[in-house]
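Residue-level listing of the chains:
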Amino acid sequence: MTERRESIHGSWSGRLAFVLAATGSAVGLGNIWKFPYIAGENGGGAFVLVYLACIAVIGIPIMMAEVMLGRRGRQSPINTMRSLAKEAGASPAWRWLGWAGVLAGFLILSYYSVIAGWALAYVFRAAAGTFTGATAEGIASIFEQLTGDPERLLAWHTLFMVMTMIVVARGVRGGLEQAVRWLVPALFVLLIMLDGYALASGAFDQGLEFLFTPDFSRISANGVLIAMGHAFFTLSLGMGAIMVYGSYLPERASIARSSITIALLDTLVALLAGMAIFPIVFANGLEPGSGAGLIFQTLPIAFGHMPGGALFGTLFFLLLVFAAWTSAISLIEPAVAWLVENKGMTRVCASVYAGIATWGFGLLSIFSFNAWADFKPLSFIPIFENYTIFKLLDYLTANIMLPLGGLFIALFSAWVMKRSDSVQELDMGDGAGYVVWHLLVCYVTPVAVLVVFLNVTGIVNFARLFGLGE
Ligand code: TRP
């Protein structure tokens, strides 16, 4: 059996801190901003069902695999993969998995920060009472004014990136851990309140029906890929974020229990958000498939009409910013950890470099909403006909890079790593729990990812193969 290592970056104070940090990473814009709008664009119920299935059979096992690899390697994902491959007598090329993750994190954060900037802007709009009594059209025009102005977007994006780099620079305990302790619980309380408002808004049944009544004629093969991609995105999987958090996890904490808790909390937040948003969408005659602006065009209506709406609206967007913040730090942590390990930089210096690069790349997303809104680089491919650079970046990372990253993480843990090592690290004995996990990462996850990929690219039409509709 091989030796265990220690991390040079420090460690979490305990299992609870890890669960909170990983939940902070998982719960973010993905749950509250992205999930409702892509569920709306992809027909609702059937999409939600596929997403839930992917969380259970792909998400949880891959999360366990990532935490396990991280804790075993105790370094940035690049160096972790290199050491673990060496230990297992496999090719050093596995370190490229770490590099792909660093790239994915960089690309995601570049647009994530722009959207988080919208949330920041909305904190101030809500606090100023801008939404009070406003109509759906009024709210829509507030949104268009913001996204149509590159200078404003740049200012908020810059502020968000600075906030992110400050926490990352402060390190594992001082920065990351402090930030999540109270934010995650507070977010739950506010979401439940919003659900209360949605319940009273008159269209709660219609909202629930849209979310929970699957109609498979409304989801395409591409919709299935988007649902699977989102399972990775929302759990922060496939790029090393959870791996690097796992590398700060103390020895004795249970990986299986932690992963299940994190996945359940994350799913709960997404469903609570969907249940708050769709009733408001239907009660106001809005379009569920209206795209990336969905929550910014619906929730302010609720805040504009409920008692104390200015206060609750401010709190809500503030919490959304915090949720995005605790996610953003995990997107850049693998790169920062690597710069510290391999380039001998201090954390502060590493954060500044990584932050500036990401910030600059974010300009592409900013212009996608205004100056370049009509620039659709891949419009010759049917599914990308209406995709701006921002949407392409999101598609490429969430639906291609993360599932591929996850696939290789599963393959490595199942086929390359020694069984005795994964048994030791997962620390749940060699009984039923381990066997189920092993089966899932050995076969189920890789096959599922491949099937969805092949189906979308049209190489094999599985739907037709099984006699189902388009
Ligand atoms: N999971 C976060 C969200 O839902 C986003 C995120 C943070 C992420 N770290 C990640 C996505 C790593 C993919 C990979 O908002």
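Preceding this section is the structure that the text describes.
My aim in this report is to walk through the structure given alongside it, one point at a time. (Residues numbered from 1 in each chain as written. Predicted model: local features only at pLDDT ≥ 70, side-chain atom pairs only at ≥ 80, totals over all residues. Heavy atoms only, no water.)

1. Quick notes on the environment of alanine 310
Cut-off, in case you're wondering: Here a strand is any run of E in DSSP of at least two residues, a helix any run of H or I of at least four, and the numbering for each starts at the N terminus. Only protein chains enter the accessibility calculation, which uses a 1.4 Å probe. A residue is then buried if its area is under 20% of the maximum for its type, exposed if over 50%, and partly exposed in between. Note on contacts: a residue pair qualifies if any of its non-hydrogen atoms lie within 4.5 Å across the two residues.
Take alanine 310: it is sitting in helix 15 (residues 309–343). For alanine 310, a relative accessible area of 32% gives the class partly exposed. Sequence-distant contacts of alanine 310, defined by excluding residues within four places in its chain, comprise Ala126 and Phe303.

2. Considerations on the site of the ligand
Note the cut-off: In this text, near means that some heavy atom of the residue lies within 4 Å of the molecule or strand in question. Polar contacts here mean pairs of N or O atoms no more than 3.5 Å apart (in protein, one a potential hydrogen donor and the other a potential acceptor; neighbouring residues in sequence count only if both atoms are side-chain atoms). Throughout, the protein atoms alone are placed on a 1 Å grid, and a set of points is a cavity if a 1.4 Å probe fits but cannot get out or a pocket if it is open with protein on both sides within 12 Å along at least five of seven lines; lining residues have an atom within 4 Å of a point. The rule for placing a molecule in a cavity or pocket is simple: more than half of its atoms must lie within 2 Å of the grid points.
In the vicinity of the ligand, 17 residues are found, and the nearest of them are Ala26, Gly30, Tyr112, Phe233 and Ser330. One nitrogen or oxygen atom from the main chain of threonine 234 is found 3.2 Å from a nitrogen atom belonging to the ligand. Serine 236 is positioned such that a nitrogen or oxygen atom in its side chain is 3.0 Å from a nitrogen atom of the ligand. Here the ligand is seated within the largest cavity. Elements represented by at least two residues in the shell around the ligand include exactly helix 1 (15–26), helix 2 (29–41), helix 5 (95–127), helix 11 (221–234) and helix 15.

3. What about empty space enclosed by the protein?
Note the following rule: Grid points are joined across faces, edges and corners, and a volume is the space filled by probe spheres set on the points. Under the grouping applied here, Gly and all other residues not named as nonpolar or charged are polar, the nonpolar ones being Ala, Val, Leu, Ile, Met, Phe, Trp, Tyr, Cys and Pro and the charged ones Asp, Glu, Lys and Arg.
For the structure on display, the rule yields five cavities of 30 Å³ or more. Roughly 150 Å³ of volume is contained in the largest cavity. Lining the largest cavity we find 18 residues, and of these Ser25, Tyr112, Phe233, Ser236 and Leu331 sit closest to its centre. Of all the elements in the fold, those that place two or more residues in the lining of the largest cavity are helix 1, helix 2, helix 5, helix 11 and helix 15. A breakdown of the residues in the lining of the largest cavity according to their chemical character gives 10 nonpolar, eight polar and no charged. Space inside the second largest cavity adds up to approximately 60 Å³.

4. Comments concerning the nonpolar core
We apply this condition: We define the nonpolar core as a collection of buried residues of types Ala, Val, Leu, Ile, Met, Phe, Trp, Tyr and Cys that are connected through side-chain atoms lying within 4.5 Å of one another.
Trp33, Trp118, Phe296, Phe316 and Phe317 are the most contacted members of the largest nonpolar core, which has 169 residues in total. In terms of residue count, the dominant contributor to this core is helix 15 (19 residues). For tryptophan 33, the residues in contact, after removing those within four places along its chain, are Ile115, Trp118, Ala292, Ile295, Phe296 and Phe390.

5. Examining the packing of helix 2 against helix 13 (residues 255–283)
In plain terms, the rule: Think of each axis as a best-fit line through the C-alpha atoms, taken over the contacting stretch in the case of a helix, with angles from 0 to 180 degrees between the N-to-C directions. Under this scheme an angle from 65 to 115 degrees is roughly perpendicular, one under 35 degrees roughly parallel, and one over 145 degrees roughly antiparallel; angles in between are oblique. Handedness of a crossing is defined here by the sense of rotation of the near helix relative to the far one, left-handed for an anticlockwise turn of less than a right angle and right-handed for a clockwise turn.
Across the interface, helix 2 lies against helix 13 with an axial gap of 9 Å and an inter-helix angle of 60°. Relative to helix 13, the element helix 2 is oriented oblique. As for the relative orientation of helix 2 and helix 13, their crossing is right-handed in sense. Residues Asn31, Ile32, Phe35, Pro36 and Gly40 of helix 2 lie in contact with helix 13, whose contacting residues are Asp266, Val269, Ala270, Leu271, Ala273, Ile277 and Phe278. For the contact of helix 2 with helix 13, the class distribution of residues is nine nonpolar, two polar and one charged.

6. Observations regarding the packing of aromatic side chains
To keep things clear, this is the line we draw: Each pair of aromatic rings taken from Phe, Tyr and Trp, with Trp reduced to its six-membered ring, is defined by centres within 6.5 Å and is described as stacked if the planes are under 30 degrees apart, edge-to-face if over 60, and tilted in the remaining cases.
On inspection of all chains with the given rule, the structure shows 34 aromatic pairs. Taken together, a centroid distance of 5.5 Å and an interplanar angle of 35° make the contact between tyrosine 122 and phenylalanine 131 tilted. Phenylalanine 131 shares its class with tyrosine 122; the two are buried. Both rings, one in phenylalanine 278 and one in phenylalanine 282, keep their centres 6.5 Å apart while their planes meet at 35°; by these two values the pair is tilted. Of the two residues, phenylalanine 278 and phenylalanine 282 are both situated in helix 13; the distance of four residues between them amounts to about one turn of the helix.

7. A short note on the layout of surface pockets
In this structure, the second largest pocket occupies an estimated 350 Å³ of space. Elements supplying a minimum of two residues to the lining of the second largest pocket: helix 2, helix 6 (136–147) and helix 17 (389–416). The residue makeup of the lining of the second largest pocket, split by class, is seven nonpolar, 10 polar and four charged.

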